[in-house]
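One-letter residues, chain by chain:
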Amino acid sequence: MEPVFILVPGMFTDAHVWEGTARRLTAAGAQVRAVTLAGPGRPRAGDGPEPDAGAHAEAEAGAHAEAEADLETHIEEVCAAIDAVTGAPGGTGGRGIVLVGHDYGVHPVLGAADRRAERVARIVCVDAGLPQDGVPPLAAVPDQSVRALPAEEAATGTTAGVLPPPGREEWTRWGSTAGVSEEALDRLTARAAPQPLGTLLRPLRLRGAAAAVPTTGVLCTANGVGIDMVQRLVDLGDPALRALTGPGVTFFELPTGHWPMLSCPEDLAGVLLRAAAGEGHRLTPPGASGTPAHLHPFPLPVPELPRERRGNVDFYFPRPGGTKGIEGTERAERAERVDGPRPAVVFVHGGPVPAGAEPSPRDWPVLAGHARYAAGQGAVGVTVEHRLHDVADYPRAAGDVAAAVDLVRADPRVDGDRIALWFFSGGGPLLADWLAKPPAWLRCLAAAYPVLAPLPNWGMSADSRFHPVRALADAGHAPPPLVLLRVGLESPEIAATVSGFLAAAGEREAEVRVVDVPHGHHGGGPGDPEEEWRGAVREAVRAVLDRLDA
């Protein structure tokens, strides 16, 4: 029996976005129903080409009602589409329905699957996360500035009204337009309609039945997320992501932006057919396939130094005899004879990291290992744990880091005029503040496999504060010396941010030391060549300490 695909569009769009994909699914023998969800300015079943004058008042009333549509309205519409295929609730008609939701559309899809679970063969989320019970769709809106408008309405208890559709140049605020032709983008803009606020503000209510329905995620990598990144998030231990490792959950990647039905409809159709057949990549539970990358042992020998914990800051101070067993560099030997305040290297972890992750970042071998290794070379090694739990948390995390640096500089055992900051992975955007206004005591900035510009699905505007490429390009002064540890097998989306940063550094004639791990992956891991990592970490730390000593 061939599957029946019910295709549900995302925000501002209607059934037309699925036309190319629907044609290819139909050609493959599947049945397809594309749904247009209620909202002002969207075509409705039975609408004629032009209403006559006598129908004007009725049309106005209908538009008002559609402006008041909410998530429940859309769930009922998807349920109606299911019933049209299988018969009324409780009936015996039972075709294998594949519910496909793009973007916001995954919320009514999941809500409908929860009420018609026995008739849904699979849920497919196209470049959208799996919604949670009790959480409104507003939480999934990528553009953080856009969230503010509906949030203000929510604070007053108002759910009426609409969110205006994007202009032609504004679609990137909702996701990457990579691969979408100019003609398709023009049509998308021309047909875009306002989104009723009630659809974003009403929480999704689930009874639990949808949890048993097999699910597939289609990840559009040009929008910033791939399978490897999701696996890393699962490995961090977020309970909300544990369900993604279930036997009925599969994943596919498409190398395109947020609108694959417009950029690669044939490829999307192929993925949907394979998903319906139960194919796809399956994630593994934390630790099931070996040690997660963030818990992999630090690649270099480090001294056994006591940890001094103060709030969210851990200090590792050099001590007499503490360099025994450590690489016998001249610096390490010289460190034994230093008396007085020492320079400090402050290591800042990446993220977002789920709140309550165990072990917490300050106890990850890579973070503590770097701090101990720096202390073994004579500097004060410091780790900072910040509250970057979501991409909206960068301002809070930046405040945590700034307060930690003040604490470090105030310690009498630290030379407050010789400080280096080292950021990892998703902590890279926190570099921007220090590039924009570097204090005189900041002798070096370092970053390891960093994200150096907001990824498309983060929803940050082009003038975001946390954009190191732009901060470097716009700075009216020479930046501090920079050390960049770069992996050769980085994801294309993150690698592009690094390339953009190095291009900006070249234009500014900034001092940048690039240390490569040619066969290394983001964050490293058991499969990476250990000798490459050992050499690269050793060289990068040496480069940072040389700049502290200059």
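Quantities reported herein were computed from a predicted structural model and do not represent experimental measurements.

Engineer: Tell me about the overall build of the chain, residues and numbers included.
Structural biologist: Of the regular secondary structure elements, the chain holds 17 helices and 16 strands. Looking at the chain as a whole, 52% of its 550 residues are labelled buried. When contacts within the chain are restricted to residue pairs at least 6 apart in sequence, long-range pairs at least 24 apart make up 79% of them.

Engineer: Talk me through the nonpolar core; I want residue IDs and the actual numbers.
Structural biologist: Within the largest apolar cluster, 64 residues are counted, with the highest numbers of intra-cluster contacts made by Leu 99 and Val 100. Ranked by residues supplied to this core, first place goes to helix H3 (residues 71–86) with seven residues. In this structure, Val 348, Ala 397, Leu 484 and Ala 510 belong to the second largest nonpolar core, which totals 49 residues.

Engineer: Please provide a residue-by-residue account of the sheet that holds strand S7 (residues 215–220), values included.
Structural biologist: Overall, parallel pairing links the six strands, which are arranged S2-S1-S3-S4-S7-S8 in an open sheet. In the strand order of this sheet, the two ends are held by strand S2 (31–34) and strand S8 (249–254), each with one partner. Across the sheet, the mean angle separating the axes of adjacent strands is 20° when strand polarity is ignored. Both strand S3 (residues 97–102) and strand S4 (residues 120–126) contribute to a ladder of six bridges, which runs parallel. Across the sheet, residue His 102 finds its bridge partner in S4, namely Val 126. The strands touched by helix H10 (residues 265–276) within the sheet are strand S1 (4–8), S3, S4, S7 and S8, with S8 carrying the most contacts at an inclination of about 165°.

Engineer: Would you mind going over the pattern of salt bridges in detail, with residue names and values included?
Structural biologist: Oppositely charged side chains may form a pair once their charged atoms are brought near each other. In total, this model carries 34 salt bridges according to the counting rule given. In this structure, the salt-bridge partner of Glu 169 is Arg 168, at a minimum N-O distance of 3.2 Å. Glu 169 sits in the exposed class, given a relative accessible area of 63%. Residue Arg 418 is joined to Asp 415 by a salt bridge in which the shortest nitrogen-to-oxygen separation is 2.9 Å. One continuous salt-bridge network, built from bridges that share partners, spans Arg 307, Arg 309, Asp 314, Arg 362 and Asp 363.

Engineer: Quick rundown of the packing of H3 against helix H4 (residues 106–115)? Include the residues and the values.
Structural biologist: Across the interface, H3 lies against H4 with an axial gap of 8 Å and an inter-helix angle of 60°. It follows that H3 is oblique to H4 by the angle criterion. The two elements H3 and H4 meet at a crossing, and its hand is right-handed. Contacts between H3 and H4 involve Leu 71, Glu 72, His 74, Ile 75, Glu 76, Val 78, Cys 79 and Ile 82 from the former and His 107, Pro 108, Gly 111, Ala 112 and Arg 115 from the latter. Within the contact of H3 with H4, the residues separate by chemical class into seven nonpolar, three polar and three charged.

Engineer: Describe the packing of aromatic side chains, with residues and values.
Structural biologist: Scanning the entire structure with this criterion turns up 13 aromatic pairs. Ring centres 6.2 Å apart and planes at 80° place the aromatic pair Phe 12 and Trp 171 in the edge-to-face group. In this pair, Phe 12 is assigned in the loop between S1 and helix H1 (19–27) and Trp 171 in the loop between strand S5 (162–163) and helix H6 (182–191), connecting sequence segments 159 residues apart. Plain terms: the ring middles of Tyr 449 and Trp 533 are 6.1 Å apart, the flat faces sit at 80° to each other, and that makes the pair edge-to-face. Of the two residues, Tyr 449 sits in the loop between strand S14 (442–448) and helix H15 (468–474) while Trp 533 sits in helix H17 (residues 530–549), which places them 84 residues apart along the sequence. The residues Tyr 449 and Trp 533 share a single accessibility class, namely buried. In textbook terms, an aromatic cluster arises when at least three aromatic residues are bridged by ring pairs, as seen for Phe 347, Trp 422, Phe 424, Tyr 449 and Trp 533.

Procedures and definitions
- Residues numbered from 1 in each chain as written.
- Predicted model: local features only at pLDDT ≥ 70, side-chain atom pairs only at ≥ 80, totals over all residues.
- Heavy atoms only, no water.
- Helix = DSSP H or I, 4+ residues; strand = E, 2+ residues; numbered from the N terminus.
- Buried < 20%, exposed > 50% of the residue type's maximum accessible area, 1.4 Å probe, protein only.
- Contact = heavy atoms within 4.5 Å.
- Core = buried A, V, L, I, M, F, W, Y, C linked by side-chain atoms within 4.5 Å.
- Pairing = 2+ DSSP bridges.
- Axes fitted to C-alpha atoms, helices over the stretch in contact; angles between N-to-C directions.
- Salt bridge = Lys/Arg side-chain N within 4 Å of Asp/Glu carboxyl O.
- Parallel < 35°, antiparallel > 145°, perpendicular 65-115°, else oblique.
- Left-handed = near helix turned anticlockwise from the far one by under 90°.
- Nonpolar A, V, L, I, M, F, W, Y, C, P; charged D, E, K, R; others polar.
- Phe/Tyr/Trp six-rings, centres within 6.5 Å; stacked < 30°, edge-to-face > 60°.

What is shown is where atoms sit, not what they do.
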